[in-house]
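# Fold and contact review
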Amino acid sequence: MFRTALRNVLSHKARLLMTVLAVMLGVAFVSGTLVFTDTLGNAFRNQSAKSYDGIAVAVTTYADRNDEKSGAIDAATLKKIEALDGVASATGRVDGFAGVADPDGKLIGNGWSNTGSNFAPGKDGKDAQYTFTDGSGPTAAGSVALDESTAKKGEYEVGDKVRVSTNGPVKEYTLSGVFTTEDGAVNAGGSLVLFDTPVAQKLFLRPGEFRDVTVSAAPGTTDQQLLTAVKPLLPEHAEAKTGKARADEQADQTETALSGLNNLLLAFAGVALFVGVFLIANTFTMLVAQRTKELALLRAVGASRRQVKRSVLLEAAVVGLIASVVGFALGLGLATGLRSAMSLIGGKIPAGPLVVAPLTVVAAFGVGVLITVLAAWLPARRAAKIPPVAAMNSQYAVATVKSLVLRNSIGGVLTLLGGAAVVAGAAQAGSDGQLLIAGGAFLALIGVIILIPLLSRPVIALVRPPMLRLFGVSGKLAAQNAVRNPRRTGATASALAIGLTLVTGISVLGVTLGQAVDKVTTDNIKADYMVSMAGGDSLDESALTALEKADGVSAVSPQQAVWLTLGGAGVSASGVTPGEVQNVLTVDTVSGTIDSLGRGEIAVSDKTAKSHGWKTGDTVPVTYEDDKKGTLKVGALFKENEFLSPVLIPRDVVAPHQARAEIREIWLKTDGGASAANEQALVDALGDNPGMSIMDRQAIRDMFGGSINLAMNIMYGLLAMALIIAVLGVVNTLAMSVFERQQEIGMLRAIGLDRRKVKRMIRLEAVVISLFGAVIGIGLGMFLGWAIGETVAAKIPQYVLVVPWGRIAVFLLLAGLVGVLAALWPARSAAKLNMLTAIKTE
């Protein structure tokens with residue numbers, strides 16, 4: 001039986017090709033994902049270990065330059081650490097946002113990964129964290145050093161003038177040196193600027209203070225001994241760990257971040273393999289049907305049912321093994337390609353070997369073989385049940401009325417239960433409702449897949465009349481052929497339905513959320529521009545002063561972050577400019593007047609006021625950030641706005657209580673609205689600062705909606721694998737259908753159906769099956785998209801379900817195109833059949 005199984009695999013190579021391709025793609029996805037994430041994890045783990053090489057103790061304080069009580073490490077504490085027994089050296093570090101302009105004046109990097117730090121040379125004049133390839137570190141106030149990648153992008157050489165942006169006015173420095181580093185921000189595509197220590201302290205914290213300290217041990221001193229000695233010297237909120245512990249912590253953080261990516265990619269690989277199950281099952285079902293006489297002969301000469309079943313499963317195992325070998329090799333190529341792609345888009349990955357863990361090999365081959373064998377189990381079981389005599393007489397085993405009733409009953413029950421769970425989840429907002437929807441969606445999807453053969457006849461019957469009118473006999477035959485074997489049609493359509501269910505659900509949800517966010521932005525923003533720091537840091541007050549004086553600016557108000565204790569409760573507030581804020585942002589008053597801000601009063605959102613029991617005219621006790629106390633009068637209540645803090649307070653009221661204004665963004669209205677001239681005026685007013693972002697209203701809308709579009713595009717890309725496998729399923733079904741209908745096609749040719757009409761018949765059959773699967777998938781996807789949207793509707797103002805009819809039309813057109821493309825080879829094969837040879841085929 002083993003030899004028989006191998007012979008069958010070899011004799012049906014062409015018919016098993018699509019199955020091999022489907023499994024191969026799924027295995028490539030799984031193995032590529034595991035190898036890629038393992039390689040990244042190993043590279044970043046080694047980088048973390050290297051960055052803490054020689055460091056016995058690492059101290060972190062999380063000091064904030066806006067809070068003098070945040071517990072930075074001062075110079076005196078650093079000297080005490082240096083004086084400890086067993087300390088070889090102690091280095092203070094301070095960092096923050098620093099951006100460098102490219103030759104066109106644009107920021108090099110993406111903002112959040114643009115970093116500045118201090119050059120901290122030891123007694124030998126070198127900083128162990130950096131290796132200089134040209135020049136030397138900055139030791140004067142007017143000089144800086146750049147990482148090698150940034151210097152190359154900016155076309156800078158030692159001695160050149162470099163414009164560097166922090167949160168204040170852009171300044172020009174002389175480039176003293178270029179260095180290499182294992183810094184994570186640089187590897188993420190950002191930049192690193194090194195300043196002389198006093199300059200860095202003034203820019204990023206406070207003179208004479210450090211945010212972090214690294215300590216090296218003298219020979220004979222252990223890391224733990226040094227850690228014990230250092231801890232008592234540190235301020236209250238400082239955190240000290242050994243260098244190894246800190247490296248392990250960073251490695252764990254990297255692993256946690258990569259596990260999310262790993263799980264996401266594996267989830268889509270699972271979808272692709274799930275779709276592949278239908279292709280595999282369909283293939284083996286058709287192979288078993290076409291080899292009924294052969295299997296019956298084996299039974300007649302003594303093979304037991306178990307042996308027949310095992311032979312079919314063995315064929316599946318061989319196919320799965322071959323596909324796994326090829327898929328695993330492709331997966332290694334995919335992992336290498338992904339690594340190279342990340343480098344091309346600016347994400348520098350630390351050097352390291354391709355990591356192929358034993359578990360990855362086991363998982364890849366286990367998935368490939370197991371999925372194939374499980375998918376072939378039902379066809380193998382059916383093969384073993386065929387009585388030898390019935391098969392020898394060409395009496396194919398057909399489904400009994402009892403089995404069909406049982407199948408449809410199970411499908412109906414699962415669909416109803418799943419649908420009920422989805423509706424219940426939609427009514428229950430939050431994560432609990434989403435979990436209920438996920439469970440219901442799975443049940444409903446399985447139920448619909450079981451019912452698809454039953455649904456195929458009535459649905460396809462609807463298109464039979466127009467097909468007859470448009471395409472004549474070819475259309476009529478195509479519609480009849482599509483429902484001749486409902487189970488086969490259902491299995492083929494199911495693969496496409498699964499992919500389009502997910503794609504449609506994502507589209508409905510994404511477009512709905514995108515339009516809701518867009519409407520919120522449009523309704524609540526009156527400003528023509530928003531100015532902020534590219535790295536998310538706070539703006540210096542000099543930027544606000546400059547913009548207030550800029551040509552063409554008619555209204556300007558910042559959003560200055562303030563923390564107040566009002567009536568004994570902590571609340572987030574925004575320091576704004578009275579008389580201006582309502583001109584740049586929508587402030588719909590419920591009671592009182594927003595002009596009361598000009599009298600030193602506050603405005604409170606209606607929801608915040610209701611939760612605290614405040615009303616217009618109330619006087620509320622307040623404690624400011626500097627712990628000074630006072631009272632504030634509620635001058636107005638306004639409708640809650642996504643772009644406004646719960647409390648608005650005049651800037652001049654909070655100014656005496658903040659050491660430094662924390663301005664997150666500045667909103668501006670200009671004469672004549674957004675224009676190239678007005679934008680240039682703002683750029684000029686800010687000194688052509690590359691670290692400051694100036695966005696018009698459309699850019700603001702794109703910023704908030706961009707993440708949704710990006711997520712949708714990623715989802716489409718990842719689901720492409722499942723759709724490719726679905727296409728292979730259509731090709732496979734048609735090709736094998738043509739093979740088993742050779743006699744019928746020969747007869748049609750003999751009675752006058754020419755080759756062109758035979759091709760048209762096969763193509764139309766493919767289109768009908770593809771569109772049938774698409775209709776089922778789109779309907780289910782819209783239902784799930786609506787349900788998930790209902791769980792978040794309460795949290796998103798202006799939420800209204802949007803059905804993207806344009807995209808759905810595109811999906812249907814693509815499904816039809818899939819059918820046409822999938823039919824190219826089968827249709828050509830059918831048209832080339834010799835009619836006399838085909839008629840003689842049994």
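Residues numbered from 1 in each chain as written. Predicted model: local features only at pLDDT ≥ 70, side-chain atom pairs only at ≥ 80, totals over all residues. Heavy atoms only, no water.

### Section: the overall build of the protein chain
- If you tally the helices and strands in the protein chain, you get 29 helices and 24 strands.
- In terms of overall dimensions, the protein chain has a C-alpha envelope of 100 × 70 × 50 Å along the principal axes.
- For the protein chain, the residues scored as buried account for 50% of the 842 residues in total.
- Within the protein chain, residue pairs in contact and separated by at least 24 positions form 82% of the contacts whose partners lie at least 6 positions apart.
- Carbon and sulfur atoms form 60% of the exposed surface of the protein chain, whose accessible area is close to 37700 Å².
- Between the averaged position of the 77 positive side-chain charges in the protein chain and that of its 69 negative side-chain charges there is a distance of 22 Å. (Helix = DSSP H or I, 4+ residues; strand = E, 2+ residues; numbered from the N terminus. Buried < 20%, exposed > 50% of the residue type's maximum accessible area, 1.4 Å probe, protein only. Contact = heavy atoms within 4.5 Å. Areas by Shrake-Rupley, 256 points an atom, 1.4 Å probe, with all protein chains shown as cover. Lys, Arg positive; Asp, Glu negative; His and termini not counted. Charge placed at Lys NZ, Arg CZ, Asp CG, Glu CD.)

### Describing the sheet that holds strand E1 (residues 57-60)
- The four strands lie next to each other as E3-E13-E1-E14, forming an open sheet whose pairing is antiparallel. Whereas interior strands pair on both sides, the edge strands pair on one side only; in this sheet they are strand E3 (87-93) and strand E14 (239-242). Looking at each pair of strands side by side, their axes are set apart by 15 degrees on average, direction ignored.
- With four bridges connecting them, E1 and strand E13 (residues 212-217) associate as antiparallel partners. If you follow Val 59 over to E13, its bridge partner there is Val 213.
- Its contacts with the sheet put helix H3 (residues 75-82) on E3 and E13, and the angle it makes with E3 is roughly 160 degrees.
- The strands touched by helix H7 (residues 223-230) are E1, E3, E13 and E14; relative to E14, the strand with the most contacts, the crossing angle is about 165 degrees. (Pairing = 2+ DSSP bridges. Axes fitted to C-alpha atoms, helices over the stretch in contact; angles between N-to-C directions.)

### Quick look at the environment of Lys 202
- As for its placement among the helices and strands, Lys 202 is situated in helix H6 (residues 197-204).
- In this structure Lys 202 comes out as exposed when scored by relative accessible area, which is 67%.

### Side note on unusual backbone geometry
- The backbone of Asp 627 sits at a positive phi, close to 70 degrees, despite the residue not being glycine.
- Inspection of the secondary structure assignment puts Asp 627 in the loop between strand E20 (619-623) and strand E21 (629-638).
- One non-glycine residue, Asp 688, lies in the positive phi region at around 50 degrees.
- Looking at the element boundaries, Asp 688 is found in the loop between helix H23 (676-685) and strand E24 (692-696).

### Looking at the pattern of salt bridges
- All told, the structure shown has 16 salt bridges when counted by the stated rule.
- Put simply, Arg 211 and Asp 95 hold a salt bridge, and the shortest N to O gap is 3.1 Å. Remark: Asp 95 occurs in strand E4 (residues 95-97) and Arg 211 occurs in the loop between strand E12 (209-210) and E13; sequence separation between them is 116 residues.
- The salt bridge involving Lys 633 is made with Glu 601; its shortest N-O contact spans 4.0 Å. Of the two residues, Lys 633 is situated in strand E21 and Glu 601 in the loop between strand E18 (589-592) and strand E19 (602-605); the sequence distance between them amounts to 32 residues.
- Taking relative accessible area as the criterion, Glu 601 reaches 10% and is therefore assigned buried.
- Through salt bridges with shared partners, a single network forms among Glu 239, Lys 241, Arg 246 and Glu 249. (Salt bridge = Lys/Arg side-chain N within 4 Å of Asp/Glu carboxyl O.)

### Some points on the nonpolar core
- In this structure, Val 275, Phe 284 and Ile 725 are the most contacted members of the largest nonpolar core, which totals 57 residues.
- In terms of residue count, helix H8 (residues 243-290) provides more of this core than any other element does, 13 residues in total.
- Residues contacting Ile 725, with those up to four places away along its chain left out, are Ala 22, Leu 25, Ala 272, Val 275, Gly 276 and Leu 279.
- Membership of the second largest hydrophobic core comes to 32 residues, among which are Met 467, Ala 478, Ala 822 and Ala 830. (Core = buried A, V, L, I, M, F, W, Y, C linked by side-chain atoms within 4.5 Å.)

### Looking at the packing of helix H27 (residues 805-822) against helix H28 (residues 824-832)
- Packing of H27 against H28 brings their axes to within 4 Å, and their N-to-C directions diverge by 40 degrees. If you check the angle between H27 and H28, you find them oblique. Contacts between H27 and H28 involve Val 820, Leu 821 and Ala 822 from the former and Leu 824, Trp 825 and Pro 826 from the latter.
- A per-class count over the contact of H27 with H28 returns six nonpolar, no polar and no charged. (Parallel < 35°, antiparallel > 145°, perpendicular 65-115°, else oblique. Nonpolar A, V, L, I, M, F, W, Y, C, P; charged D, E, K, R; others polar.)

### Re helix H11 (residues 358-375)
- The end-to-end C-alpha separation of H11 is 26 Å, in line with the 26 Å expected for 18 residues at 1.5 Å each.
- Of the positions making up H11, those classed as buried are Thr 360, Ala 364, Gly 368, Thr 372 and Ala 375. Considered in projection along H11, the buried side chains sweep an arc of 90 degrees and stay on one side of the axis. Seen from the buried face of H11, the exposed residues on the opposite side, beyond 90 degrees, are Pro 358, Leu 359, Val 362, Leu 370 and Leu 374. (Expected span 1.5 Å × (residues − 1). Arc of directions from axis to C-beta.)

### Topic: a positive patch on the surface
- There is a patch of like positive charges on the surface, built from Arg 305, Arg 381, Arg 382 and Lys 385.
- It is helix H12 (residues 377-385) that provides the largest number of residues to the positive patch, a total of three residues.
- Mapped onto the elements, Arg 305 comes out in helix H10 (residues 305-344). (Patch = residues over 30% accessible without salt bridge, like charges linked within 9 Å, V, L, I, M, F, W, Y side chains within 5 Å.)

### Topic: a nonpolar patch on the surface
- Together, Val 810, Leu 814, Leu 817, Val 820, Leu 821 and Leu 824 make up an exposed nonpolar region whose accessible area comes to about 500 Å².
- Structurally, the position occupied by Leu 821 is in helix H27.

### Some remarks on a negative patch on the surface
- A contiguous patch of negative charge, built from Asp 64, Asp 67, Glu 68 and Glu 625, is present on the exposed surface.
- Within the secondary structure, Asp 64 sits in the loop between E1 and strand E2 (73-74).
- Overall, the relative accessible area of 32% leaves Asp 64 in the partly exposed class.

### Let's talk about the packing of aromatic side chains
- Taken as a whole, this structure holds eight aromatic pairs when the rule is applied.
- Aromatic rings pair up to connect Phe 119, Tyr 130, Phe 132 and Phe 179 into one cluster. (Phe/Tyr/Trp six-rings, centres within 6.5 Å; stacked < 30°, edge-to-face > 60°.)

### Focus on the packing of helix H26 (residues 755-792) against H27
- At a closest axis distance of 7 Å, the pairing of H26 and H27 adopts a crossing angle of 150 degrees. Taken together, the axes of H26 and H27 are roughly antiparallel relative to one another. As for the relative orientation of H26 and H27, their crossing is right-handed in sense. Contacts between H26 and H27 involve Arg 763, Ala 766, Val 767, Ser 770, Leu 771, Ala 774, Val 775, Ile 778 and Met 782 on the former and, on the latter, Trp 805, Ile 808, Phe 811, Leu 812, Ala 815, Gly 816, Val 818, Gly 819 and Val 820.
- Residue composition of the contact of H26 with H27, by class: 14 nonpolar, three polar and one charged. (Left-handed = near helix turned anticlockwise from the far one by under 90°.)

### A look at the environment of Gln 743
- Tracing the chain through its elements places Gln 743 in helix H25 (residues 742-750).
- Of the residues examined, Gln 743 reaches a relative accessible area of 41% and is grouped as partly exposed.

### Quick notes on the side chain of Thr 501
- Tracing the sequence through the fold places Thr 501 in helix H18 (residues 486-524).
- In terms of polar contacts, Thr 501 uses its side chain to reach the backbone carbonyl oxygen of Ala 497, at 2.7 Å.
- With sequence-adjacent residues up to four places away left out, Thr 501 is seen in contact with Leu 445, Gly 777, Leu 780, Gly 781 and Leu 784. (Polar contact = N/O pair within 3.5 Å; in protein donor to acceptor, adjacent residues only side chain to side chain.)

### Remarks on the pairing of strand E16 (residues 553-566)
- The buried fraction of E16 amounts to 10 of the 14 residues, a majority that puts the element mostly inside the structure.
- Pairing analysis gives seven bridges linking E16 to strand E23 (residues 663-670), with the strands arranged antiparallel. Opposite Gln 559, over in E23, you have Glu 665 as the bridge partner.
- In this structure, E16 lies alongside strand E17 (residues 569-576), joined through seven bridges in antiparallel fashion. In the strand pairing of E17, Trp 563 is matched with Ser 572.
- Count of turn residues in the E16/E17 antiparallel hairpin: two residues, of which Gly 567 carries a positive phi of about 60 degrees.
- Here E16 runs beside E20; their pairing, made up of two bridges, is antiparallel. Across the sheet, residue Leu 566 finds its bridge partner in E20, namely Val 622.

### Some words on the environment of Lys 106
- Along the chain, Lys 106 falls in the loop between strand E5 (99-100) and strand E6 (114-119).
- A relative accessible area of 56% means that Lys 106 is categorised as exposed.
- Not counting residues up to four positions away in its chain, the partners in contact with Lys 106 are Val 100, Ala 101 and Pro 690.

Keep in mind these numbers describe shape, not what the thing actually does.
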